[in-house]
Structures are given as structure tokens and as C-alpha cells.
Amino acid sequence: MTNLDPYKTRADFPILHQDINGKPLVYFDNGASSQKPKVVIDAVSNYYSKSHANVHRGVHTLSQEATNMYEDARRKLKTFVNARFEEEIVFTSGTTQSINLLAFSIGEKYIQKGDEILITEMEHHSNIVPWQMLCERKGATLKVAPIFDNGELNVDAFKQLLSYKTKLAAFIHVSNTLGTVNPVKELINACNANGTKVFIDGAQSAPHLKIDVQDLNCDFYAFSGHKLCGPTGIGIIYGRKDLLEEMPPYQGGGEMIKTVTFEKTTYNELPHKFEAGTPNIAGVIGLGVAIDYINNLGLLNIEKYENELLQYATKQLIENIPEIKIYGNAKHKASLISFLIGNHHPYDVGALLDQMGIAVRTGHHCTEPLMSRYGIPGTIRASFSFYNTKEEIDKMISGLQKALNILS
Ligand code: C6P
């Protein structure tokens, strides 16, 4: 048992207290995006009502106030991931933009024809396509480490794929489709020993696990704010300062420059070099408040409680839905379950659950190569958060039983 009371926490989330299709909402699509507590909604609204101005540009009071709030949030993010320096936190629009930034900038600096980039078979499209684009641009090769049927990474195969050609490895901390928690420290150590730079896609880990980039000893780490109670359109990439300093900027424009003439431009200091244009100020401020909110609950409490939900849901599904097949049975899993029931198409099951007010995700979850690996078009995915309850899991089980009756 944990000291996290989901019934108390739920009171902080206005959206959860409504009916959908005439039934109380059961929100199990947290892997796609989490809901927002009132403090975050208020912070965004208050910022626009009282403090809005552009940042880093004006001597006037409102601009300074907005700049202070914006940079305050950066400090919170620095502490959240335990970075050494504030400048190591670059704000982006989310994980996808973080990876595109990295693929461009690291690609320009370090990747040459004949080099290799290593990913895994369970990556999200966001951690595949930007690397393919880079490989095409530079004449490099994308290598893919395989997984086992139970959804765990084949760590030996991953290590064997590391060679003098492997300039970068990019892999997820937690799989959005299988729930697998990768042994990232072991993988990072192997990469570091090989002189390979490492990027971790933390889109699905940041909401559930404590992250310490110094302890992990990775070079880059990214996540999105909207999966961790923050607004949409905001995220970060953490990068080791010495590497960010060497890398060229991703986009050109205002804010990222020191001086501009028609002959030559010099670039701003970190992190501004990577934050061209007017940023998502409200998003940054909202994310800062979301981090405070998560810290107040405590990530260890969150992890423990969500694990209770995962164990409970897995047991109930297996005991009550005989035809279920769960995809992703790794020993170390985060709080989501991907499954199929008999030959029923995931969309049919998902649509019937929706009629009962139960929101799950169906489809390939932006992991088409992983779906091909299992030879399936997609799955039904229930992903839990700290504000979900066992009572809601029971509702999903009886919802699935009703759906199966209708479908058969
Ligand atoms: N996965 C899901 O339902 P953005 O869209 O940039 O915030 O995050 C992209 C992303 C990158 N990596 C992983 C592991 C992810 O899970 C996601 C987003 C959502 O699984 C939407 S496809």
C-alpha cells in the first residue's frame, strides 16, 4: 500500500468529474496525454490574465516578470532531472521536436558517411523517423536492436551491434506500447564504454519514474510536458553542456543570436542558442507548476501506486477475460497494458468501451515496426495514472465483458 490517495488526488482534476456518453468518465489514455490539475490550468490562465509579455526582450516590468517566471521553470526542470546546469535544459514543443533538434544538430556536428546510429525495435516513430532522415542526409546507417517475444530488449544483441561505427544510440526508457522499462543504465554504460553518444526518449518515463541524468550518465534525455500534467506544446531536451556548446543551432531567428550582420551571425549562449523565436511561455510556466505538483505527490509514491494498479489490472484481465492476449510481459513494466481479445479488432472494442465512458487508445500507437514484429495491426491500450482507481479497472473489465457479448 502507498500513502497516495487517488480519491483525494482526483479532486484536483476538473475534467475527471464529468459524464461521457452518459457514463462517468474512466480515463485510461494517460500514455497519450495526462489530464491537468487545476493548479496548472490556473497558472496558465493567471499568466495570460496578469503577467503576459514576451521574454528576454523588454526592460519593462511585465517582460521582466514573464522572464523570471520562464527562467524559474527552467530551474525547476533542472532539479527535476538533476542536471548539473540550468543551461542544459532546452525548452522545445515536446519529445518529437526534441528528437528532431538533436537529429539535426548532432547530425551536423558528429555524423558522417558510413557511421551508424543504433535504435531498438520498440521505438516510437518519433525516435525512428528523425534518425532515418539524418541517415539519408549523411549516408549513415540505422541499426535496430531486436526484442524478445515478452517485450524485453535483447540486451546482448544491442551490445553486439555497438561498434567503432556507432556514433549515437537512441532508445526509449519506457515503451509506450509494451510498457517495458528498459535497463537504461546498463545500456548507457555499454554505449559510454564504446564512445557512443546516448539519447534517451523519456516521453513515457518522466511521468512515472524518478529521472537523474547525472546518475544515468546519458548525454541527452527528452520528454513532453503534456504527459506529466503539464500543457500541450511544451517539453524539454536535456543535453550535456559541453556537447550542446559544440553543436550548431537547430533553427535560426530571434533569441538564438548574439549579433547579426548580413555577412555573419554569432550565436547566443546556451540554452538560448537552441530556443529560436518567441517560446511557448505559458506552456513553460504551466510545466513548472506541473513539476511542483508531481513533486508534492512524490514520484516514488506515484511509481508504487501505479504499480499496484498495473498488478491489479493484469490479474483481473487474465482472470476475467479468457481470450485476452497481453503484449508486453517484461519483468519491469510501467503502468500500461496492451492487449487483444480473440480475433476482435481493437477499434471495435475501443469504440464500444467509449460508449460506456471508458477512454482507451487503440491502434499501432505510433510503433508500426513493433506491430509488424508481432504480426498484428494494433492493440487496445489501457494506460494508468496516479488518479485512476481499482474501481475504474473493475468498470473496464465489466465494460470489456459487455463489449465481447455484443461483438459475439
Ligand atoms: N506517444 C502515445 O499515445 P510527443 O507527441 O512529441 O509529445 O511525444 C512523442 C512520443 C515519443 N516517444 C514516445 C515513447 C512516446 O510515447 C511519444 C508519444 C503517445 O503513446 C502519442 S503517439
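Note that the structure is predicted; figures quoted are calculated from it, not measured.

A. Highlighting helix α4 (residues 95–110). Over its 16 residues, α4 runs 21 Å from end to end, which matches the ideal 22 Å to within 8%, given 1.5 Å per residue. Considered for burial, the residues of α4 that qualify are T95, S98, I99, L101, L102, A103, S105, I106, G107 and Y110.

B. Up close: empty space enclosed by the protein. For the coordinates displayed, the defined rule picks out three cavities of 30 Å³ or more. The calculated volume of the largest cavity comes to roughly 80 Å³. Lining the largest cavity, in full, are N30, S34, Q204, P207, H208, K227, L228, C229, I294, E306, S385 and F386. Partitioning the lining of the largest cavity into residue classes produces five nonpolar, five polar and two charged. Taken domain by domain, the makeup of the lining of the largest cavity includes at least three residues from each of domain 1 (6–30 + 298–403) and domain 2 (41–296). Of the pockets and cavities examined, the second largest cavity occupies roughly 50 Å³. In this structure, the second largest cavity is lined by N30, G31, V174, Q204, H208, A334, S335, L336, S383 and F384. Residues belonging to the lining of the second largest cavity are distributed by class as follows: four nonpolar, six polar and no charged. Residue-level mapping places the lining of the second largest cavity at the junction of two domains, with at least three residues from each of domain 1 (6–30 + 298–403) and domain 2 (41–296).

C. Seen up close, the site of the ligand. By nearness alone, 17 residues border the ligand, and T96, D201, S224, H226 and R361 come closest of all. Note that an oxygen atom of the ligand is positioned 3.5 Å from one of the backbone N or O atoms of T95. Contact between the ligand and D201: a nitrogen atom at 2.6 Å from a side-chain N or O atom of the residue. Considered on its own, the ligand offers 510 Å² of accessible surface; in the complex 87% of this is hidden by protein. There are two domains that each give the shell around the ligand at least three residues, and those are domain 1 (6–30 + 298–403) and domain 2 (41–296).

Definitions and cut-offs
- All residue numbers here refer to positions counted from 1 along the written sequence of the relevant chain.
- Local features in a predicted model are, by the rule used here, given only for residues with pLDDT of at least 70; side-chain atom pairs are given and counted only at 80 or more, and totals for whole chains, interfaces and linings are based on all residues.
- Only hydrogens and water are set aside; all other atoms, that is, all heavy atoms of the structure, feed into the side-chain values.
- Helix numbering and strand numbering both begin at the N terminus, where a helix is a DSSP run of H or I of at least 4 residues and a strand a DSSP run of E of at least 2.
- Here, expected helix span is obtained from the residue count minus one, scaled by 1.5 Å.
- Each residue gets one of three labels from its accessible area relative to the maximum for its type: buried under 20%, exposed over 50%, partly exposed in between, using a 1.4 Å probe on protein chains only.
- In this analysis a 1.4 Å probe is tested at points of a 1 Å grid over the protein atoms alone, and where it fits but cannot get out there is a cavity; an open set with protein on both sides within 12 Å along at least five of seven lines is a pocket; lining residues have an atom within 4 Å of a point.
- Grid points are joined across faces, edges and corners, and a volume is the space filled by probe spheres set on the points.
- Under the grouping applied here, Gly and all other residues not named as nonpolar or charged are polar, the nonpolar ones being Ala, Val, Leu, Ile, Met, Phe, Trp, Tyr, Cys and Pro and the charged ones Asp, Glu, Lys and Arg.
- Per the annotation, domain bounds derive from an automatic or database assignment of domains.
- In this text, near means that some heavy atom of the residue lies within 4 Å of the molecule or strand in question.
- Polar contact is defined as a pair of N or O atoms within 3.5 Å, subject to the rule that within protein one atom must be able to donate a hydrogen and the other to accept it, and that residues adjacent in sequence are counted only when both atoms are side-chain atoms.
- Areas reported here follow the Shrake-Rupley algorithm with a probe of radius 1.4 Å; residue values treat only the protein chains shown as occluding.

Read these as geometric descriptors, not functional statements.
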